[in-house]
Structures are given as C-alpha cells and as structure tokens.
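Tertiary structure, described
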Amino acid sequence: EVLHQISHDINQTYLDQVVEVLVEETSRNNPERMTGRTRTSKLVNFPGDLSDIGTQVMVKITAAKTFSLDGEKIEQEDTHGAADTHDDSIPANS
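Owing to the predicted nature of the structure, the values given are computational and were not obtained by experimental measurement.

Further remarks concern the sheet that holds strand β1 (residues 18–26). With mixed pairing, five strands are arranged side by side around a closed barrel as β1-β2-β3-β5-β4. Put simply, the sheet's adjacent strands are angled 50° from each other on average, direction ignored. Judged from the six bridges that link them, strand β4 (residues 56–64) and strand β5 (residues 69–74) form a sheet pairing that is antiparallel. In the sheet register, K60 faces β5, and the bridge partner there is E72.

Now the structure itself:
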C-alpha cells in the first residue's frame, strides 16, 4: 500500500504537464485509445488512432492514476516549444 501511495504521488506531479510519448499500441481496454511511454517509461493512455503507433507525440497529462497517466494528444505547434522536461527522479535524503 505504501508503494501505491508513493507511485500515485509521483504521478500527480505530471498533471497539466506536456510530455513526449512514444506510441506503442492500442489500449487493451479501449481500441479508440492509444498507449505509450514517456522518456522516463511512464505509461500514458490517450485518445488517438492507429497511425500514431510507432511515432512520438506530445500529450498533455489530464489525470494521474497509481500506475499510469491519462492525457490528450496536442498538436506540435500547440506546444510553443514545450519539451518533456519533467524530472521524476527521487530526491536524495539529506
């Protein structure tokens, strides 16, 4: 249970962030949603289509779950130079 809370807390830091996602496949639960991973291997689900598979897309994170993130694909020109700069490293104890 502690691990679940830590994972959820880390995923919460992604809310409203724009991240680059490598699209892997359709969602197991909904064929209208795509599944992919961020540069830091976070699982992201978002609406998309089959032509997205194998490409990198920008996704704005709209919801954080314990072990995955939900988001909306945004067009490249909508990012205004945004990059996947989210740092999900765990801070060292002092």
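That was the structure; now back to the text.
Let us now look at unusual backbone geometry. Residues other than glycine seldom take positive phi values, yet D16 does so here, at roughly 70°. Mapped onto the elements, D16 comes out in the loop between α1 (2–12) and β1. Positive phi values are uncommon outside glycine, yet S41 reaches one of about 70°. Mapped onto the elements, S41 comes out in the loop between β2 (33–38) and β3 (43–47). The exposure class assigned to S41 is partly exposed, which follows from its relative accessible area of 48%.

Quick notes on the rules
- Residues numbered from 1 in each chain as written.
- Predicted model: local features only at pLDDT ≥ 70, side-chain atom pairs only at ≥ 80, totals over all residues.
- Heavy atoms only, no water.
- Pairing = 2+ DSSP bridges.
- Helix = DSSP H or I, 4+ residues; strand = E, 2+ residues; numbered from the N terminus.
- Axes fitted to C-alpha atoms, helices over the stretch in contact; angles between N-to-C directions.
- Buried < 20%, exposed > 50% of the residue type's maximum accessible area, 1.4 Å probe, protein only.

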